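Below are the chains, spelled out letter by letter.
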Amino acid sequence: MFTADTVRPLIADLIARNAVSIPPYPANAMRLRALVSGGTFGINELSRIVKEDQVLAAAILRAANSAMFRRGDPITVIDKAVAQLGAEEVCRVALAASLGKIAGGGGTLVELRRIAWRQALAGAICAGHIGYRRGLNAETAFVCTLLHDFGRVIGIAALEEVLRTHKIGESLSAAEWSTLVEEIHIDVGLLMATRWKLSEVILEVIACHHEPSKAEKFPEFVQVTAACDDIVVLMEKCPYLLPHDLENLATIRGSKEANALMEALPLIPAYLLRLSDMNTEQTGEASLVQKPSTLLQGEHKHLEMRTNWVRSNGDTICRLEFITADGLALNCAEPLPEGGVARLRLGDSKNPIEVSGRILLTKKVSDRYRSEVQLFVLPGAGKSAWDEL
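These numbers were taken from a predicted model, which means no experiment stands behind them. Per chain, residues are indexed from 1 in the order of the written sequence. Given that the model is predicted, a residue must reach a pLDDT of at least 70 before its local features are reported, and side-chain atom pairs must reach 80 or more before they are shown or counted; all residues, however, enter totals for whole chains, interfaces and linings. For side-chain calculations, the full set of non-hydrogen atoms in the structure is used, while hydrogens and water are omitted.

Asker: Is there a simple way to explain the overall build of the protein in this structure?
Answerer: Elements are defined by DSSP. Helices are runs of H or I of four residues or more, strands are runs of E of two residues or more, and each kind is numbered from the N terminus. Looking only at helices and strands, the protein has 16 helices and six strands in total. When we talk radius of gyration, it's over C-alpha atoms, and the globule rule is simply 2.2 Å times the number of residues to the 0.38. Here the C-alpha radius of gyration of the protein, 21 Å, is about what a compact globule of 389 residues would show, namely 21 Å. Its C-alpha atoms give the protein principal-axis dimensions of about 60 × 55 × 45 Å. Here the protein holds 389 residues, and 52% of them are scored as buried. Sequence separation of 24 or more characterises 65% of the internal contacts of the protein that already satisfy a separation of 6 or more. Only four residue types enter the charge count: Lys and Arg as positive, Asp and Glu as negative, with His and the chain ends excluded. Where a charge lies is defined by one atom per residue type, namely NZ (Lys), CZ (Arg), CG (Asp) and CD (Glu). Side-chain charges of the protein comprise 42 positive and 47 negative groups, with the mean position of each set lying 4 Å from the other. Relative accessible area decides the class of each residue, using a 1.4 Å probe on protein chains only: under 20% of the type maximum gives buried, over 50% gives exposed, and in between gives partly exposed. Contact definition: two residues touch when any of their heavy atoms are within 4.5 Å.

Asker: What is the right way to read the pairing of strand β1 (residues 306-310) from this model?
Answerer: For a regular strand, the rule is simple: side chains alternate between the two faces of the sheet. Among the five residues of β1, four are classified as buried, and the element is accordingly described as predominantly covered. With four bridges joining them, β1 and strand β2 (residues 316-324) adopt antiparallel strand pairing. Across the sheet, N308 pairs through a bridge with I317, a residue of β2. Only when DSSP finds a minimum of two bridges between them are two strands counted as paired. The hairpin formed by β1 and β2 contains five residues between the paired strands, and G314 there has a positive phi angle of roughly 120°.

Asker: How do you make sense of the sheet that holds strand β5 (residues 353-365) when you look at a structure like this?
Answerer: Two orientations exist for strands paired in a sheet by backbone hydrogen bonds: parallel and antiparallel. Reading around the barrel, the six strands line up as β1-β2-β3-β6-β5-β4 and close back on themselves, with antiparallel pairing between neighbours. Across the sheet, the axes of successive neighbouring strands diverge by a mean angle of 45°, strand direction being ignored. Angles here are taken between N-to-C directions and fall from 0 to 180 degrees, while the axes themselves are lines fitted to C-alpha atoms, restricted in helices to the stretch in contact.

Asker: Looking at this model, I keep getting lost on the pattern of salt bridges. Mind explaining?
Answerer: Pairs may arise between side chains of opposite charge once their charged atoms sit close together. Salt bridges, as used here, are contacts in which a Lys or Arg side-chain nitrogen is within 4 Å of a carboxyl oxygen on Asp or Glu. Within this structure, the stated rule accounts for 28 salt bridges. Residues E211 and K214 are paired through a salt bridge, measuring 3.3 Å at the closest nitrogen-oxygen approach. According to the relative accessible area criterion, E211 is partly exposed, its value standing at 42%. Residues participating in the shared-partner salt-bridge network are R33, E88, E89, R92 and E139.

Asker: Honestly, the environment of E183 in this entry has me stumped. Any pointers?
Answerer: Mapped onto the elements of the fold, E183 is located in helix α10 (residues 174-195). Judged by relative accessible area, which is 43%, E183 ranks as partly exposed.

Asker: I would appreciate a short explanation of the environment of I78 in the present structure.
Answerer: Here I78 is to be found in helix α5 (residues 78-85). Under the relative-accessibility criterion, I78 is labelled buried at 11%. Sequence separation of I78 and L46 is 32 residues, and the distance between their C-alpha atoms is 9.7 Å. Apart from residues no more than four positions distant in its own chain, I78 is found in contact with S47, V50, K51, A57 and L61.

Asker: Mind showing me how you'd approach the packing of aromatic side chains here?
Answerer: The description of an aromatic ring pair uses the distance of the two centres, along with the angle that the planes make with each other. Aromatic rings from Phe, Tyr and Trp, with only the six-membered ring used for Trp, were paired whenever their centres fell within 6.5 Å, and each pair was classed as stacked if the ring planes differed by under 30 degrees, edge-to-face if by over 60, and tilted otherwise. Summed over the entire model, instances satisfying the criterion amount to four aromatic pairs. Considering the side-chain rings of F2 and W177, the 6.5 Å spacing of their centres and the 50° angle between planes classify their relative orientation as tilted. Of this pair, F2 sits in the segment before α1 (4-16) while W177 sits in helix α10, and the two are 175 residues apart along the sequence. Neither F2 nor W177 differs from the other in exposure class; each is buried. Grouped by ring-pair contacts, the aromatic residues Y25, W117, F150 and W196 constitute a single cluster.

Asker: What's the story with the environment of V222 in this structure? I'm lost.
Answerer: Here V222 shows up in helix α12 (residues 219-237). A sequence separation of 15 residues divides V222 from A207, and the C-alpha atoms of the two residues are 9.2 Å apart. Contacts of V222, omitting those with residues within four sequence positions, involve E204, V205, C208, H209, P212 and A215.

Asker: Help me understand the nonpolar core in this model?
Answerer: Nonpolar side chains in soluble globular proteins tend to be buried together. Residues enter a nonpolar core if they are buried and are Ala, Val, Leu, Ile, Met, Phe, Trp, Tyr or Cys, with the set joined through side-chain atoms within 4.5 Å. Counting 108 residues, the largest nonpolar core has W177, I231 and M235 as the members making the most contacts within it. Looking at this core, the element that brings in the most residues is helix α7 (residues 110-133), giving 11 residues. Among residues more than four places away in sequence, those in contact with M235 are A122, L241, L265, I268, F376 and V377. One finds L336, L346, V355 and V373 within the second-largest nonpolar core, a separate group that totals 19 residues.

This is the structure:
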């Protein structure tokens, strides 16, 4: 009988032999960071590096046009996008877009990699805000939190390699695969950090983020990352947060910090979408993550309502199957990328309801795809409109 214990010694052996495949550190992100750190640079120099990489250029344009940064008319020129974002944000987007490409590639466990990446990126956005408020370097806080769990992404890819090598085609539940990943992600993360020659602060954050009290040299950055892990868990449990929800977290330092975060959280879905919209390709590899019949809880209310999956390359019209208090099920001609984030527009063009959601489940049904989406960081106006449905 195939269980997690079948795979556990195989992945442990791979790590013990130092045979885990670690992708190279993103070259253009490294070049941009070196240029900015040098202190003598101009917009033209930054733009030239960005233009050399089509994926990076697309990510920069999308970030500049996101709700977090857009001012006025859409930006279609790289030089203007770079100027709009600023040097530090360009470096952040470059690193996030490059790592996101690794996380979003095909594979038998790709939905788990998407989840790990979504959580890391959401946490990093929070870390930039918290780090700044705590008087730390916001860029360092962002990068530490972005990379602290990237060992999960690489660990999942290592599991996929073990499954291919040993010709294992049996599936496990998402929870069972995730348990395996949690057991190895710190070891894999430290291996990654060593090969990438990352700084001491990142190494300590990777090693100590589950036990911040063990941090010796950089406890403040470890504490920021631990706080952001708590925030991400809370965001994914509850689609609509209030300040007191954040204040109740032991890792948040009072009402002022909680209120400042409340201003930043609604911007996270758009930022995630701008950086992840490109990483949704489907491959011929069958998923080895078991698919339950449903993951949405509560009463199913059936509605007939025009529903669009809003994408950068054009909307996809879907059929709404039902809604719940915190989610909905759709039937679409194309698959929503399980583990990712989707922007949806419900209703007619005069009074649409726009929401963002985590894609919990996507299953093929005949020649179409059924997806379940849980609402994600719903603002007050959006919650009121949803409740009226």
